[in-house]
Amino acid sequence: LQVARALQFAHDHGVVHRDIKPSNLILREDDSIAITDFGLARETGTGSMTESGAIVGTPMFMAPEQITGEGGGATTLADVYGLGATLYTLVTGRPPFDGMTAQQVLRQVIDEDPERPSRLRHEMPRDLEAIIMTAMAKEPSHRYGSAADLGDDLERFLNGDRVLARIPGPLTRLGRTIRKHQLLTALVILVIVSTASALLLSHDRHQSEIDTQLARASGLVAQAVSRHDDQLRPLDESERRSRLNAAIATASRVLETDPTVGRAWFVRGQAHHHLRQYREAAADLDMAEQMNGEPTPEVLHYRIDALKNLYDAESQRRLHHDLTTLLSIDPSPYNRCIVAFHLLGLARGLDGESRAEALDRARAIIDPVPEPDAQKSVIAARILEMQGHTGGALRLIRDATEEFRGNPLVHDEAAAMLARLGYEEESEAQAALARMLDPESAEDPDADRRSTDEREVHSFLQQLGERIR
């Protein structure tokens, strides 16, 4: 409520914050709340935040229009959305959207609805859930008209009065979807008529129980990854492992009743992966792909990481196949850099023409990645180093530490390169900065143990060459 009032004050004075999230709210000693970090704020009426082509904000708390630039981009209603997403996080213990990459999160914000808070916290008052879901409506016109309106409804809730917000029913949500895609209205109506009965019947008690169990398992994995419980208290390593094992047990119970639930296989694979049980993780992710009928970037990301930690020849062949598939179905900058980093690891064990070919292929893969990009800069520097151009490599990596200051990957890679080239003092400074930013950061520990079988590597490079063309 305090933040809503403060936001309205900012809006009344022509300022949109554009990055409302829990970490930008400060609890002061007098128990009042302060909004901080107006570094992304802009004056209202000064144009769209996408004029430069950049996306501004924190993905999991951004309003859809901040991503798409529609309707003027970040208006005061984007701050209303951000405050709704912040409230969602505070009462459920997890953000409304999450993923392994920023791109995945941005797609979810645009295309998917967040999980209902009451599914994560069964004691959630219905009125509070209605307030959150209204503030986070995809369409700005369906949200509160201002931060003041949101604050007024929160005050009604706190006073025990009837709130104005209402959770849209299935028909209301369907109507909004039809209006959004008016050219497909006729087709939508036909689909609704033919499938409505089946959809309604499918939401029986059994399916509801499966959904509840999987939501619980996903929540346990999310807590283990974030290292905080649902009350945002820090977890030690024993508590973290306990939650991951509980997630495995919960997903396993779902699979005992219905082994065709692909999401259960995926959640169990996630938990095995975070426990570093990589062979079990790969097996579960295989089943998730089989149940889904096709590979997805989400499954591939986890399986690639699992296979990277299995050093037998078959796992390495599968790793190369998955990397090629990932580049084929989603050649995003992030995925291009994943493949290029792997090529650099392979190149360490090669020499002569094979090494040169691997480095050339890595450069060709990252060439389409737009500048500036931290991972691309690091890869380019490492390619120069491995080609013997140490002066150019040093200039690139040092420039990267300045341009992407605060990026743990850049500082970690810089520390490793500087150490290899004999700049020990500068390397230690970069390593210390990397550890401060990310205590778990470290240079790829398995790169030197990967398969360097010449025939296998040559086959992989050929496959990549076909994908690039």
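The model shown is predicted, which means the values in this text are computed figures rather than measured ones.

### Quick notes on the environment of Q290
Within the secondary structure, Q290 is located in helix α13 (residues 278-292). A relative accessible area of 54% places Q290 in the exposed class. A sequence separation of 25 residues divides Q290 from W265, and the C-alpha atoms of the two residues are 9.8 Å apart.

### What to know about the packing of helix α14 (residues 297-308) against helix α15 (residues 313-329)
Put simply, α14 and α15 touch, their axes get as near as 9 Å, and they point 150 degrees apart. Considering their axes alone, α14 and α15 lie roughly antiparallel with respect to each other. The two elements α14 and α15 meet at a crossing, and its hand is left-handed. Touching P297, L300, H301, R303, I304, L307 and K308 of α14 are S315, Q316, R318, L319, D322, L323, T325, L326 and I329, all from α15. Looking at the contact of α14 with α15, its residues break down into eight nonpolar, four polar and four charged.

### Regarding the environment of P125
Summarising the element assignment, P125 is placed in the loop between α5 (117-120) and α6 (126-135). The class of P125 is partly exposed, set by a relative accessible area of 36%. The spacing of P125 and F157 is 32 residues in sequence and 9.6 Å in space, taken between C-alpha atoms.

### Examining the environment of Q8
Along the chain, the position of Q8 falls in helix α1 (residues 2-12). Q8 sits 139 residues away from A147 along the chain, and the two C-alpha atoms are 5.3 Å apart. With near-sequence residues (within four places) excluded, Q8 lies in contact with S146, A147 and A148.

### A look at the confidence of the model for the protein chain
In this model, the protein chain carries an average pLDDT of 85, and 84% of its residues clear a pLDDT of 70 or more. In this model, residues 45-53 is a region of pLDDT below 50 whose contacts with residues beyond four sequence positions or in other chains number 15 contacts. Segment residues 442-451 is flagged for pLDDT under 50; beyond a separation of four residues in sequence, or across chains, it makes 24 contacts in the model.

### A look at the packing of helix α12 (residues 262-274) against α14
Viewed as axis vectors pointing N to C, α12 and α14 meet at an angle of 30 degrees, and their least axial separation amounts to 11 Å. Between α12 and α14, the angle falls in the class roughly parallel. For the crossing formed where α12 meets α14, the hand is left-handed. On α14, the residues touching R263, F266, Q270, H273 and H274 of α12 are E298, V299, Y302, D305 and A306. The residue inventory of the contact of α12 with α14, partitioned by class, reads four nonpolar, three polar and three charged.

### What to know about the pattern of salt bridges
Per the counting criterion, the structure on display carries 26 salt bridges. A salt bridge links R303 to D286; the shortest N-O distance between them is 2.9 Å. Highlighted residues: R303 in helix α14 and D286 in helix α13, separated in sequence by 17 residues.

Cut-offs and rules
- Residues numbered from 1 in each chain as written.
- Predicted model: local features only at pLDDT ≥ 70, side-chain atom pairs only at ≥ 80, totals over all residues.
- Heavy atoms only, no water.
- Helix = DSSP H or I, 4+ residues; strand = E, 2+ residues; numbered from the N terminus.
- Buried < 20%, exposed > 50% of the residue type's maximum accessible area, 1.4 Å probe, protein only.
- Axes fitted to C-alpha atoms, helices over the stretch in contact; angles between N-to-C directions.
- Parallel < 35°, antiparallel > 145°, perpendicular 65-115°, else oblique.
- Left-handed = near helix turned anticlockwise from the far one by under 90°.
- Contact = heavy atoms within 4.5 Å.
- Nonpolar A, V, L, I, M, F, W, Y, C, P; charged D, E, K, R; others polar.
- pLDDT = per-residue confidence, 0-100.
- Salt bridge = Lys/Arg side-chain N within 4 Å of Asp/Glu carboxyl O.

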